[in-house]
Amino acid sequence: MRKVPTAILISGRGSNMLALAKAAQSPDYPCQIVMVASNVPEAEGLQRAADLGIPVQALDHTPFEDREAFDQILHHKLQESGAELICCAGFMRILTPWFVDQWKNKIINIHPSLLPKYKGLNTHQRALDAGDRFHGCSVHFVTADLDSGDVILQKKIKVTPRDTAETLAQKVLKIEHPLYVEALRKVAESR
Ligand code: GRF
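My aim in this report is to walk through the structure given alongside it, one point at a time. Source: prediction; values computed, not measured. (Residues numbered from 1 in each chain as written. Predicted model: local features only at pLDDT ≥ 70, side-chain atom pairs only at ≥ 80, totals over all residues. Heavy atoms only, no water.)

### Quick look at the overall build of the protein
Piece 1. The helix and strand tally for the protein stands at six helices and seven strands.
Piece 2. In the protein, the succession of α and β elements from N to C terminus is β-α-β-α-β-α-β-α-β-α-β-β-α.
Piece 3. Its C-alpha atoms give the protein principal-axis dimensions of about 50 × 40 × 30 Å.
Piece 4. The 191 residues of the protein split such that 49% are buried.
Piece 5. Once local pairs closer than 6 in sequence are excluded, the contacts in the protein between residues at least 24 apart make up 64%.
Piece 6. Working note: accessible area of the protein is about 9700 Å², and carbon and sulfur atoms make up 50% of it.
Piece 7. Of note, the protein has its 23 positive side-chain charges centred 9 Å away from the centre of its 22 negative side-chain charges. (Helix = DSSP H or I, 4+ residues; strand = E, 2+ residues; numbered from the N terminus. Buried < 20%, exposed > 50% of the residue type's maximum accessible area, 1.4 Å probe, protein only. Contact = heavy atoms within 4.5 Å. Areas by Shrake-Rupley, 256 points an atom, 1.4 Å probe, with all protein chains shown as cover. Lys, Arg positive; Asp, Glu negative; His and termini not counted. Charge placed at Lys NZ, Arg CZ, Asp CG, Glu CD.)

### Focus on the environment of Asp129
Piece 1. As for its position among the elements, Asp129 is in helix α5 (residues 123-129).
Piece 2. A relative accessible area of 59% means that Asp129 is categorised as exposed.
Piece 3. Looking at Asp129, its side chain comes within polar contact range of the side chain of Gln125, at 2.8 Å. (Polar contact = N/O pair within 3.5 Å; in protein donor to acceptor, adjacent residues only side chain to side chain.)

### Let's talk about helix α1 (residues 15-24)
Piece 1. Buried residues dominate α1, accounting for nine of its ten residues.
Piece 2. Buried residues of α1: Ser15, Asn16, Met17, Leu18, Ala19, Leu20, Ala21, Ala23 and Ala24, and no others.
Piece 3. Those residues of α1 hidden inside the fold are in contact with β1 (4-10), β2 (31-38), α2 (44-51), β4 (85-88), β5 (107-111) and α6 (165-189).

Remember, this is a structural readout, not a statement about activity or role.
Here it is as structure tokens:
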């Protein structure tokens, strides 16, 4: 089996990245993680990736003049890595339409809500405020519109009366990891 070279973009702790990277260590998993890049040089996840022997790239976005300039460098780094798929995993940057166009149908993201509900931030509080009985997470293709591409897989959990934004965040994160592993497998195998 040829493993699809895959890059992961992060900005923080990288627990989803770690779940993907660990799954990819299995000979049966259809992807190989060729690079983990972060726009935040001190992101905890970078060290975690390096500890697994994955090439890491710290690409601080702050000195760049605009989004396009940053995205061009990111695009070149990704090309150099040989990546054919990109997983955003807690990557807190909106990608430019130009970048998304270069990687059409090749970028996926995990989002902590049952899309199309609650695009953007504070998803757990918004689900509570709306009185939702179910909440969850989605893996979707990335398009130029925020959190709007086709959903690949979703998983839901029940919201209980005792839940707070924090408990929901913990519960959702726990189901994010296996969901992302399964969704990336599905995308890689359908190529
Ligand atoms: C996750 O909740 C993910 O859904 C969201 O950002 C968070 C990243 O967490 N996009 P981690 O860095 O993977 O631990």
